[in-house]
Amino acid sequence: MKKTVFLIVVSLLTLAAAPAWSKTSTFDGKGMITSVDPLYGRVTIKHRAIKGFAGDEETEFFVARPDVLKGFTPRDLVNFSITETNGDVKIEKLEKTGVAEPEEKAGMGRVVQDVLVGTGEVAKTVTKPITPAHDVVSGTFDAATNVTGPVLQESDDKAKQDF
């Protein structure tokens, strides 16, 4: 009987010594891993709003165990579970659901459009009507000698034909 009373007293003292404010909460989230740091047991996740925990943002989390990060890389889409105990937040579970497309592909359409527009501008200059050769030659000759201008200015059609 003394032994039973002793155990009850020890149990009560243990419970009394535990902080009354000790609280554990669990949250579930979805997001995309942006960086993994297995050396320090950290992972950064760009996540959707986590009800009761955080809004849409990018957050760095510590993991409960190093093996939680095994096999994960940036751009992995994940579901995860967070446990918060007295302000200590850790990821307990991390589950891969897919892989996000690289961001470079998102800009590829713009690059293709810019190339096509540039090619079109070059094509416009190449396909402009070409100035007839006789206009170019007479203009150049006239500028150099000032001879063709007066000849072409004459009213006599025969002079124009002879030229």
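As the structure is a computational prediction, the values presented were derived from the model and not from experiment.

Enquirer: When you look at the packing of aromatic side chains in this model, what are you seeing that I'm missing?
Expert: One pair of aromatic rings is described through two measures. These are the centre distance and the angle between the planes. Taken as a whole and assessed by the stated rule, the structure comprises three aromatic pairs. Judged by centre distance (5.2 Å) and plane angle (40 degrees), the rings of phenylalanine 27 and phenylalanine 53 are tilted. Pair noted here: phenylalanine 27 is in strand β1 (residues 24-37) and phenylalanine 53 is in the loop between β2 (42-47) and β3 (57-63), with a separation of 26 residues, a long-range link. Residue classification places phenylalanine 27 among the buried positions, given a relative accessible area of 13%. Through a chain of ring-to-ring contacts, the aromatic side chains of Phe27, Phe53, Phe61 and Phe80 assemble into a single cluster.

Enquirer: Can you walk me through the sheet that holds β3 in this structure?
Expert: Where strands meet in a sheet, backbone hydrogen bonds hold them as pairs that are either parallel or antiparallel. The strand order around the closed barrel formed by five strands is β1-β2-β3-β5-β4, and the pairing between neighbours is mixed. Between one strand axis and the next, the sheet turns by 45 degrees as a mean value, whatever way the strands run.

Enquirer: Please clarify how the pattern of salt bridges should be interpreted in this entry.
Expert: As a working rule, side chains carrying opposite charge can pair if their charged atoms are close by. In total, this model carries five salt bridges according to the counting rule given. Here lysine 96 and aspartate 76 are joined by a salt bridge, their closest N and O atoms 3.5 Å apart. Remark: aspartate 76 occurs in strand β4 (residues 76-85) and lysine 96 occurs in strand β5 (residues 88-99); sequence separation between them is 20 residues. Classification of lysine 96 as partly exposed rests on a relative accessible area of 43%. Looking at aspartate 76, the relative accessible area reads 2%, which means it is buried.

Enquirer: What is the right way to read unusual backbone geometry from this model?
Expert: Leaving glycine out, the prevailing phi sign among residues is negative, and the prevailing peptide bond configuration is trans. Not every positive phi belongs to a glycine, and arginine 75 is a case in point at roughly 80 degrees. Relative to the assigned elements, arginine 75 resides in the loop between β3 and β4. Positive phi, close to 50 degrees, is recorded for asparagine 86, a residue that is not glycine. Position of asparagine 86 among the secondary structure elements: in the loop between β4 and β5.

Enquirer: Would you explain the environment of threonine 59 in this entry?
Expert: With respect to the element layout, threonine 59 can be found in strand β3. Here the alpha-carbon distance between threonine 59 and isoleucine 33, two residues 26 residues apart in the chain, equals 9.7 Å. In this structure, threonine 59 is in contact with Val43, Thr44, Ile45 and His47, ignoring residues within four places of it in sequence. One polar contact links threonine 59 to histidine 47, side chain to side chain, over a distance of 2.8 Å.

Enquirer: Any chance you could explain the pairing of β1 here in plain terms?
Expert: Both faces of the sheet carry side chains from a regular strand, because those side chains alternate between them. Strand direction decides the pairing type here: β1 and β4, joined by nine bridges, are antiparallel. Bridging from a neighbouring strand, glycine 29 pairs with phenylalanine 80 of β4. Pairing of β1 with β2, which is carried by six bridges, proceeds in the antiparallel orientation. If you follow isoleucine 33 over to β2, its bridge partner there is isoleucine 45.

Enquirer: In this structure, what is going on with the side chain of aspartate 76? I would like to understand it.
Expert: At a separation of 2.9 Å, a polar atom in the side chain of aspartate 76 contacts the main-chain amide nitrogen of threonine 73. For aspartate 76, the side chain forms a polar contact with the side chain of lysine 96, separated by 3.5 Å. Not counting residues up to four positions away in its chain, the partners in contact with aspartate 76 are Gly31, Met32, Ile33, Gly71, Lys96, Gly98 and Val99.

Enquirer: Can you walk me through the nonpolar core in this structure?
Expert: Note on soluble globular proteins: their nonpolar side chains tend to be buried together. With 15 residues, the main nonpolar core has Val43, Ile45, Phe80, Ile91 and Leu94 as its most contacted residues. If you list the elements that add at least two residues to this core, you get β1, β2, β3, β4 and β5. When neighbours within four sequence positions are excluded, valine 43 is seen to be in contact with Ile33, Ser35, Val36, Thr59, Glu60, Phe61, Val63, Leu69 and Ile91.

Rules used in this analysis
Residues numbered from 1 in each chain as written. Predicted model: local features only at pLDDT ≥ 70, side-chain atom pairs only at ≥ 80, totals over all residues. Heavy atoms only, no water. Phe/Tyr/Trp six-rings, centres within 6.5 Å; stacked < 30°, edge-to-face > 60°. Helix = DSSP H or I, 4+ residues; strand = E, 2+ residues; numbered from the N terminus. Buried < 20%, exposed > 50% of the residue type's maximum accessible area, 1.4 Å probe, protein only. Pairing = 2+ DSSP bridges. Axes fitted to C-alpha atoms, helices over the stretch in contact; angles between N-to-C directions. Salt bridge = Lys/Arg side-chain N within 4 Å of Asp/Glu carboxyl O. Contact = heavy atoms within 4.5 Å. Polar contact = N/O pair within 3.5 Å; in protein donor to acceptor, adjacent residues only side chain to side chain. Core = buried A, V, L, I, M, F, W, Y, C linked by side-chain atoms within 4.5 Å.

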